[in-house]
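Structural characterization, general
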Protein chains: 2
Amino acid sequence: MSVKSNLTRRIFHLAALAGGLVAAGPAWAQAPADPLSSWNDGKAKSAILDFVRRVTTEGGPDYVKPDERIATFDNDGTLWAEQPAYFQLLFAFDEVRRLAPSHPEWKETEPFRSVLAGDTKGLAASGEKGLLQLVAATHSGMTTSEFEASVANWLATARHPTKQRPYTEMVYQPQLELLAYLRANGFKTFIVSGGGVEFMRVFAQKAYGIPPEQVVGSSGVVEFRAGPDGKLDLFKEPKVEFVDDGAGKPVGINRFIGRRPILAFGNSDGDLQMLQYATAGDGARLALILHHTDGEREWAYDRNSSFGKLDKALEEGRARGWAIVDMKTDWKTVFLSSR
Amino acid sequence: MSVKSNLTRRIFHLAALAGGLVAAGPAWAQAPADPLSSWNDGKAKSAILDFVRRVTTEGGPDYVKPDERIATFDNDGTLWAEQPAYFQLLFAFDEVRRLAPSHPEWKETEPFRSVLAGDTKGLAASGEKGLLQLVAATHSGMTTSEFEASVANWLATARHPTKQRPYTEMVYQPQLELLAYLRANGFKTFIVSGGGVEFMRVFAQKAYGIPPEQVVGSSGVVEFRAGPDGKLDLFKEPKVEFVDDGAGKPVGINRFIGRRPILAFGNSDGDLQMLQYATAGDGARLALILHHTDGEREWAYDRNSSFGKLDKALEEGRARGWAIVDMKTDWKTVFLSSR
């Protein structure tokens, strides 16, 4: 082996390290890997590749500085599934069952009785008030660390009722690729979801590579005070503070991120205002809507769904030429591929 | 020149690039620059250097992964000055004067009359209610972009009443060095301040290298709705939403950052709970308090100051061995050095 090829190899190796990549082999001998390999070729994939190319082309008319490459993603129904119900609600039901032995009164008190008896009709009858009671009972009256531990424990042990997979494997493989692709192109990726911020932060880093400080969500009141043992801590109170949904999403983005996203991805009417806000800025913008059209691999639903209802946003998206991602035709794979 | 030295030089150059640094010359020929050159040697500087060494030493007992190296800084009185009054309040006064021509009624309505007449006694008499009215009049009734523009315009033109410098030059040189030093050691630096989040975000990136999404502060209600022209936008409403001060600071940290800081730096009793929260975590922790002791170069104040009162936090800090930074003896320079 000549000195020159040795030099070339060492420089190549260091250059790869410089880019945060360890070369698996000489790059010039391989076809470039498709960063969105779980996406079928089509309008949606082209829209993504084209947008990223435009905003990262220095000197081009649509160039955006890395600092300003903010991308926001809804979570339920956009990054992971949301059927038969939002997973955080399934967590609340499981928690009621887990905590029931210390709450004998729940056997005779709605909405707890219905959850424990598996009585969906009774639960439905308790309405939104009932759901809020369930959330309060399972999401407050503890420190933030205790809550985190209960979510972590649930994620480690619970299984989806029909797919039988851990919930953290109900994340969408094509979206993981998209998040990684955006980050490799200098984007900062955020979750902006109606889900509870403290719930999502437990798994967002591991599941999506999104750190806690880049998760925006709904929240309950938290107080910093001395607990029963006199130790100062953060206590979760049974009171809703902020609902990061609908018109709350641009408000949450403004409050937590402080910049307007140039790319926003949602899947329901609760994401409409986020998409409107993102696209109302100057320069290149990309709005995407995931349309759940795949009743075989996932679920097919839109206008009539109790969870992730997609109606007005679909109309507006079609009228305005937003990228409508058709799960059935645009995605080669749906859920996390075993790695 | 031998092939080997050529190789060495090229590898060195690439390795420097890998570290994000372009070598200005052979590193082994230079004494390492002091990253905290505006700090005098002493207990405070040693505490910082020692802490950073401990949490970044891989395999050491106090090692903290880069992801978890969260540092939070108060702003007023910690990163920039706060005398004779919080600069945001001086902004509000200046705005009242600027907007007065379109508000002839202010000449006869308190607290506006007092501001316009320079009547500090009258202003004091209007109390907290008066201050809130001034803040509402100058911080709401506009879009978030309009507000940003008014702050940017003020920062570009206003001068500090006694120091005659632009406010963005009233930032502390030693703290800029500390922020840069922490970031060079893998820390993520955040502002956690009682100041308005939208006010601070206008200058935090340029003044401190802290991006908008790493600024936590107080906020007013913001609504996403159609304006008079039918265009959807974010409107600032005259209603306080969140006060990021005192016990609100740990709450704000939990809400926005979602992790407990390992280093926290404040200067007043409003920072006490942030310091308590940071130091209550496991592992190595560093709490710092800036004590304003320099009546010549800056201002000397603590227990009896209307702005930045430091009393209980100083007691607790001394009792618990927190690093008390004495501005007069610990800092070689106070304000931003001309660059």
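Residues numbered from 1 in each chain as written. Chains lettered and ligands numbered in written order. Predicted model: local features only at pLDDT ≥ 70, side-chain atom pairs only at ≥ 80, totals over all residues.

1. Observations concerning the nonpolar core
I191 and V216 of chain A together with I191 and V216 of chain B are the most contacted members of the largest nonpolar core, which has 152 residues in total. Setting aside residues no more than four positions away along its own chain, I191 of chain A makes contact with F73, N75, M200, A204, I210, Q214, V215 and V216 of chain A. (Core = buried A, V, L, I, M, F, W, Y, C linked by C-beta atoms within 7 Å. Buried ≥ 20, exposed ≤ 12 C-beta atoms within 10 Å, placed from the backbone. Contact = placed C-beta atoms within 7 Å.)

2. Observations regarding the packing of helix α6 (residues 144-157) of chain A against helix α8 (residues 197-208) of chain A
Residues and elements named next belong to chain A. Contact pair α6 / α8: the axes reach a minimum separation of 9 Å and the direction vectors enclose 55°. By the criterion of interaxial angle, the relationship of α6 to α8 is oblique. Seen from above, α6 lies across α8 with right-handed handedness. Facing α6, whose interface residues are T144, F147, E148, V151, A152 and L155, α8 presents E198, F199, V202 and F203. In the contact of α6 with α8, the residues fall into seven nonpolar, one polar and two charged. (Axes fitted to C-alpha atoms, helices over the stretch in contact; angles between N-to-C directions. Helix = DSSP H or I, 4+ residues; strand = E, 2+ residues; numbered from the N terminus. Parallel < 35°, antiparallel > 145°, perpendicular 65-115°, else oblique. Left-handed = near helix turned anticlockwise from the far one by under 90°. Nonpolar A, V, L, I, M, F, W, Y, C, P; charged D, E, K, R; others polar.)

3. Some words on unusual backbone geometry
A cis geometry characterises the amide bond from Q83 of chain B onward to P84 of chain B, with omega recorded as 5°. With respect to the secondary-structure elements, P84 of chain B resides in the loop between β1 (70-73) and α3 (87-99). In this structure, P111 of chain B follows E110 of chain B across a cis peptide bond, with omega equal to 0°. Looking at the secondary structure, you find P111 of chain B in the loop between α3 and α4 (112-117). A positive phi angle is found at Q164 of chain A, which is not glycine, with a value near 60°. Mapped onto the secondary structure, Q164 of chain A falls in the loop between α6 and α7 (173-184). On the neighbour-count criterion, Q164 of chain A (8 C-beta atoms within 10 Å) is exposed.

4. With respect to the sheet that holds strand β3 (residues 188-196) of chain B
With mixed pairing, the eight strands of this open sheet are ordered in space as β2-β5-β4-β3-β1-β6-β7-β8 (chain B). Both edges of this open sheet fall to β2 (142-143) and β8 (323-326) of chain B, since each of them pairs with a single strand only. Inspection of the sheet shows strand β6 (residues 263-266) of chain B paired to strand β7 (residues 286-291) of chain B by four bridges, in the parallel sense. Looking at the pairing, G266 of chain B lines up with I289 of chain B of β7 of chain B. Strands in contact with helix α9 (residues 248-256) of chain A are β4 (215-226) and β5 (232-242) of chain B; relative to β4 of chain B, the strand with the most contacts, it is inclined by about 155°. (Pairing = 2+ DSSP bridges.)

5. Things to note about the packing of α9 of chain A against helix α10 (residues 272-279) of chain A
Residue and element names in this part refer to chain A. Contact geometry of α9 with α10 gives a least axis separation of 7 Å together with a crossing angle of 55°. The pairing of α9 with α10 is recorded here as oblique in orientation. Contacts between α9 and α10 pair K249, P250 and I253 from the former with Q273, M274 and Y277 from the latter. Taken together, the residues of the contact of α9 with α10 break down into four nonpolar, one polar and one charged.

6. Comments concerning the domain arrangement of chain A
Residue and element names in this part refer to chain A. According to the domain assignment, chain A contains domain 1 (43-82 + 166-330) and domain 2 (87-157). For domain 1 and domain 2, the distance between their C-alpha centres works out to 26 Å. The interface is formed by 17 residues belonging to domain 1 together with 14 residues belonging to domain 2. Residue assignment for the side of domain 1 that touches domain 2 shows that the elements contributing at least two residues are β3 (188-196), α8, β4 (215-226) and β5 (232-242). Class assignment for the residues of the side of domain 1 that touches domain 2 results in nine nonpolar, four polar and four charged. (Domains from an automatic or database assignment.)

7. Regarding the confidence of the model for chain A
Residues and elements named next belong to chain A. Residue-level pLDDT values for chain A average 92, and 90% of them are 70 or greater. Confidence drops under pLDDT 50 across residues 1-27; counting only partners more than four residues distant or on other chains, this segment forms 22 contacts. Model confidence for the complex is summarised by a pTM of 0.89, with the ipTM given as 0.88. (pLDDT = per-residue confidence, 0-100.)

8. Observations regarding the environment of G258 of chain B
Examined against the element boundaries, G258 of chain B turns out to sit in the loop between α9 (248-256) and β6. We classify G258 of chain B as buried; it has 23 C-beta atoms within 10 Å.

9. Points about α9 of chain A
The buried fraction of α9 of chain A is high, at nine of nine residues. When α9 of chain A is considered as a whole, its buried residues turn out to be G248, K249, P250, V251, G252, I253, N254, R255 and F256 of chain A.

10. Points about the pairing of β5 of chain A
Residue and element names in this part refer to chain A. The sheet contact formed by strand β2 (residues 142-143) and β5 spans two bridges and is antiparallel. Counted as the bridge partner of T143 is F235 from β5. In this antiparallel pair of consecutive strands, β4 and β5, the connection spans five residues, and G230 shows a positive phi of 85°.

11. Describing the sheet that holds strand β1 (residues 70-73) of chain A
In sheet architecture, strand pairing relies on hydrogen bonds along the backbone and comes in two forms, parallel and antiparallel. Strand order in the open sheet formed by eight strands is β2-β5-β4-β3-β1-β6-β7-β8 (chain A), with mixed pairing between adjacent strands. Looking at strand neighbours, the two that pair on one side only are β2 and β8 (323-326) of chain A, the edges of this open sheet.

12. Examining α8 of chain A
All names here are of chain A. By the criterion of burial, α8 is predominantly enclosed, with nine of the twelve residues buried. Taken together, the buried positions of α8 are occupied by V197, E198, F199, M200, R201, V202, A204, A207 and Y208. Of the residues one or two after α8, G209 is the one with positive phi, at around 75°.

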